[in-house]
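# Survey of secondary and tertiary structure
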Amino acid sequence: MEISGTTVLTGLLGSPVGHSISPKLHNTAFKKLGLDYVYLAFDVDTSSLQVAMSGLKSIGARGFNLTMPNKNLGCEFVDNLSPVAKMVGAINTVVNDNGILSGHITDGIGYMQAVARAGHNIIGKKITILGAGGAASAICAQAALDGVREIDIFSRKKNFVSRTEHLVDKINSQTSCIANFYDLRDELSLKNSINSSSLLINATPVGMAPNTADSIVTDRSLFHEGLVVSDLIYSPEKTTLLSLAEQCNCYIFNGYYMLVYQAAAAFKLWTGFDMPIDV
Ligand code: NAP
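Residues numbered from 1 in each chain as written. Predicted model: local features only at pLDDT ≥ 70, side-chain atom pairs only at ≥ 80, totals over all residues. Heavy atoms only, no water.

## Describing the sheet that holds strand β1 (residues 8-14)
Strand order in the open sheet made by the 6 strands is β2-β1-β3-β5-β6-β4, with mixed pairing throughout. What marks the edges here is a single partner per strand, and that holds for β2 (37-43) and β4 (80-81). Where β1 lies against strand β3 (residues 63-66), 4 bridges are found, and the strand directions are parallel. Its bridge partner lying in β3, G11 is registered against F64. Seen against the sheet, helix α2 (residues 49-58) touches β1, β3, β5 (93-97) and β6 (100-104) and runs at an angle of roughly 175° to β1. (Pairing = 2+ DSSP bridges. Helix = DSSP H or I, 4+ residues; strand = E, 2+ residues; numbered from the N terminus. Contact = heavy atoms within 4.5 Å. Axes fitted to C-alpha atoms, helices over the stretch in contact; angles between N-to-C directions.)

## Examining the pairing of strand β7 (residues 126-130)
With 5 of 5 residues buried, β7 is to be regarded as a mostly interior element. The side-chain alternation of β7 yields two buried faces, one formed by K126, T128 and L130 and the other by I127 and I129. Sheet topology places β7 next to strand β8 (residues 150-155); 5 bridges connect them, and they run parallel. Looking at the pairing, L130 lines up with F154 of β8. Read from β7 through helix α5 (residues 134-146) to β8, the crossover connection turns out right-handed. (Buried < 20%, exposed > 50% of the residue type's maximum accessible area, 1.4 Å probe, protein only. Right-handed = clockwise from strand over helix to strand, strands pointing away.)

## Quick notes on the environment of W270
Mapped onto the elements of the fold, W270 is located in helix α9 (residues 256-271). The exposure class assigned to W270 is buried, which follows from its relative accessible area of 1%. In the structure, W270 is positioned 260 residues away from T10 in sequence and 8.3 Å away in space, judged by C-alpha atoms. Residues within four places of W270 in sequence aside, it is in contact with T10, G11, H26, Y37, Y39, R62, G63, F64, N65, T93, V94 and V95.

## Observations concerning the site of the ligand
Of all residues adjacent to the ligand, which total 23 residues, the nearest are A132, A135, K158, N159 and G255. Between the ligand and A135, the relevant distance is 2.8 Å, taken from an oxygen atom to a main-chain nitrogen or oxygen of the residue. At 3.3 Å, a backbone N or O of L259 approaches an oxygen atom of the ligand. Here the ligand, which alone exposes 910 Å², has 76% of that area covered by the protein. For the shell around the ligand, the elements supplying multiple residues, two or more each, are α5 and α9. Here the residues of the shell around the ligand sort into 14 nonpolar, 6 polar and 3 charged. (Near = heavy atom within 4 Å. Polar contact = N/O pair within 3.5 Å; in protein donor to acceptor, adjacent residues only side chain to side chain. Areas by Shrake-Rupley, 256 points an atom, 1.4 Å probe, with all protein chains shown as cover. Nonpolar A, V, L, I, M, F, W, Y, C, P; charged D, E, K, R; others polar.)

## Quick word on the pattern of salt bridges
Tallied over the entire structure, the rule returns 8 salt bridges. Between K71 and D107 there is a salt bridge, with the nearest N and O atoms lying 3.2 Å from each other. Of the two residues, K71 is situated in the loop between β3 and β4 and D107 in helix α4 (residues 107-117); the sequence distance between them amounts to 36 residues. Looking at D107, the relative accessible area reads 9%, which means it is buried. Here K126 and D152 are joined by a salt bridge, their closest N and O atoms 3.0 Å apart. Of this pair, K126 sits in strand β7 while D152 sits in strand β8; the two residues are 26 residues apart in sequence, bridging distant segments of the chain. (Salt bridge = Lys/Arg side-chain N within 4 Å of Asp/Glu carboxyl O.)

Note that all results are geometric; they support no functional claim without further evidence.
Here is the structure:
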């Protein structure tokens, strides 16, 4: 890939960003499609986010991603928000249209596409999600807007409690989906919820490397045949939760394609082209 006088800038603002695979994903896709774009990672935290976003706008960058710790604060520095971003109060993608910045959150789009890629249809059905952080809220808002019938959110209620209550209120008042928020320690509600759901999602870090023996669900009786169990974690590829679910004849998939499709959604917003996923 050659940088020229007309190369279009995109990138990532977060801290830390050195480990990010986003530059590799986007630059590989630009190269494959012959697009004169480049994607760079910049170590920017909330103390300099406003200046960095304003600078990127002034120099005509086409857009950028926001990652931790900038996803919430970034909402304050854009001109408009997508419906899902408005509901969640966070953005991971900004598009610059001639000085007008639009904020989007593509994690939920990425997840819904990963569900479809895995061969499942959850529209009109009920889902149970464990965890109520950034990823869970993006998925819940997108799923509700896409037509999922009911969402039960379970968390240990240590953090994110009022934010999740707020999200549940918005889903219930602004969409036709019914959302409920439970304590993860409420075993009966968890059992009833999973029993009446088509899909169970782990949106907590439990089971992620290096603590790969951990699982957010250990009671095998909670898995019914035909249940789809998905883990947002992709390292390890098969978490203990997914192994247990597989042993109980559930369908399983991990978080790899959510990661790829959330990037593809940002790529499409900036370039208008589909990211060449298989590459
Ligand atoms: P986050 O905002 O920090 O939220 C984490 C959630 O997990 C919170 O609800 C937290 O509970 C809960 N939690 C944390 N430790 C727990 C424990 N030991 N037991 C029970 N609950 C626990 O994180 P996030 O950004 O949503 O990410 C969540 C997971 O998704 C991570 O594993 C992350 O790597 C993965 N992820 C994957 C993708 C992808 O593209 N595949 C994208 C984003 C995230 P409290 O609310 O009580 O604190």
